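Here are the chains, one letter per residue:
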Amino acid sequence: TRENQEFGYVFIIFLGAIIAFYITGLSSLRLTHSPVMIFVSGSIAICAMILPGISGSFILLTLGQYQYMLESIHNVSVRYLDIIIFMLGALISLFTFSNFLSKLFKNHETLTFSFLIGIMLGALRLPLSKILFVNDIYPVLDFVWSPFNILITLLLGFFGFIVVFILEMIE
């Protein structure tokens, strides 16, 4: 029935939000820099770059590979093999994951969009935590989350949503 279908979409949004919320809360895993891990890191990072809401750089930071790969680029004459392995993982995953995602959109468009909406909502954990703890990061601002400030923030967010919605309808 239609109600079950709508519940399924809400469940998928919720599932995507929980997954992204969890991922954006991870701290660095400090994994080894073995060829297998470098390949897997390239594969996962490129998938994150294809999906909205989660940054590939953030995934590399979480896997403990960002700094290592950055140093590999700076020392390309010594670590060229690491860069090739990383790029192979990214290329293989780019083609397989984009093909998989294309099939998902073709066969389950609404469910796929629901999941991606959930990912985008859950990934808001990271910027929201920066906003909520702005005084810890920038003590000079002396910002306080009062009910009034929360209301103004929500109203401005809603206004932005309406503007984007209207602009989409005009096109």
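Up top is the structure these notes are about.
Below or above, wherever it landed, is the structure these notes cover. (Residues numbered from 1 in each chain as written. Predicted model: local features only at pLDDT ≥ 70, side-chain atom pairs only at ≥ 80, totals over all residues. Heavy atoms only, no water.)

### What about the packing of aromatic side chains?
So, step 1. Applying the stated criterion across every chain, the model contains three aromatic pairs.
So, step 2. For the pair Phe97 and Phe100, a centre-to-centre distance of 6.2 Å together with 40° between the ring planes defines the contact as tilted. With a gap of three residues between them, Phe97 and Phe100 both fall in helix α5 (residues 76-107), about one helical turn apart.
So, step 3. The class of Phe97 is buried, set by a relative accessible area of 17%. (Phe/Tyr/Trp six-rings, centres within 6.5 Å; stacked < 30°, edge-to-face > 60°. Helix = DSSP H or I, 4+ residues; strand = E, 2+ residues; numbered from the N terminus. Buried < 20%, exposed > 50% of the residue type's maximum accessible area, 1.4 Å probe, protein only.)

### A word on the side chain of Asp82
So, step 1. Looking at the element boundaries, Asp82 is found in helix α5.
So, step 2. Looking at Asp82, its side chain comes within polar contact range of the side chain of Tyr68, at 2.5 Å.
So, step 3. Setting aside residues up to four positions removed in sequence, Asp82 forms contacts with Ile38, Tyr68, Met69 and Ser72. (Polar contact = N/O pair within 3.5 Å; in protein donor to acceptor, adjacent residues only side chain to side chain. Contact = heavy atoms within 4.5 Å.)

### Regarding helix α2 (residues 35-50)
So, step 1. If you check α2, its first and last C-alpha atoms are 23 Å apart, about what 16 residues at 1.5 Å a residue would give, namely 22 Å.
So, step 2. Residues of α2 that are buried: Met37, Ile38, Ser41, Gly42, Ser43, Ala45, Ile46, Cys47 and Ala48.
So, step 3. Next to the buried residues of α2 lie α3 (56-63), α4 (66-74) and α5. (Expected span 1.5 Å × (residues − 1).)

### Observations regarding the packing of helix α1 (residues 2-24) against helix α6 (residues 109-122)
So, step 1. At their nearest, the axes of α1 and α6 sit 6 Å apart, and the two run at 35° to each other. For α1 against α6, the interelement crossing comes out right-handed. Contacts from Gly8, Tyr9, Ile12, Ile13, Leu15, Gly16, Ala17, Ile19, Ala20, Phe21 and Thr24 in α1 reach Thr110, Leu111, Ser114, Phe115, Ile117, Gly118, Ile119, Leu121 and Gly122 in α6.
So, step 2. In the contact of α1 with α6, the residues fall into 13 nonpolar, seven polar and no charged. (Axes fitted to C-alpha atoms, helices over the stretch in contact; angles between N-to-C directions. Left-handed = near helix turned anticlockwise from the far one by under 90°. Nonpolar A, V, L, I, M, F, W, Y, C, P; charged D, E, K, R; others polar.)

### Looking at the packing of α4 against α5
So, step 1. It is the contact of α4 with α5, at a shortest axis distance of 7 Å, that shows an interaxial angle of 130°. Between α4 and α5, the interaxial angle falls into the category oblique. Here α4 and α5 pass one another in a crossing that is left-handed. Taking contact as the criterion, the partners of Tyr68, Met69, Glu71, Ser72, Ile73 and His74 in α4 are, on α5, Val76, Arg79, Asp82, Ile83 and Phe86.
So, step 2. The residue inventory of the contact of α4 with α5, partitioned by class, reads six nonpolar, two polar and three charged. (Parallel < 35°, antiparallel > 145°, perpendicular 65-115°, else oblique.)

### Here's the deal with the pattern of salt bridges
So, step 1. Counted by the stated rule, this structure contains one salt bridge.
So, step 2. Here Arg79 makes a salt bridge to Glu71, at a shortest N to O gap of 3.8 Å. (Salt bridge = Lys/Arg side-chain N within 4 Å of Asp/Glu carboxyl O.)

### A short note on the environment of Ala17
So, step 1. You can see Ala17 is positioned in helix α1.
So, step 2. Of the residues examined, Ala17 reaches a relative accessible area of 18% and is grouped as buried.
So, step 3. For the pair Ala17 and Ile117, spaced 100 residues apart in sequence, the C-alpha separation works out to 7.8 Å.
So, step 4. Sequence-distant contacts of Ala17, defined by excluding residues within four places in its chain, comprise Gly118, Ile119 and Gly122.

### A look at a nonpolar patch on the surface
So, step 1. Taken together, the side chains of Val36, Phe39, Val40, Ile44, Val76, Tyr80, Leu81, Ile84, Leu88 and Ile92 define a hydrophobic patch exposed on the protein surface, amounting to about 870 Å² of accessible area.
So, step 2. Contributions of two or more residues to the nonpolar patch are made by α2 and α5.
So, step 3. The element best represented in the nonpolar patch is α5, accounting for six residues.
So, step 4. Looking at Val40, the relative accessible area reads 31%, which means it is partly exposed. (Patch = residues over 30% accessible without salt bridge, like charges linked within 9 Å, V, L, I, M, F, W, Y side chains within 5 Å. Areas by Shrake-Rupley, 256 points an atom, 1.4 Å probe, with all protein chains shown as cover.)

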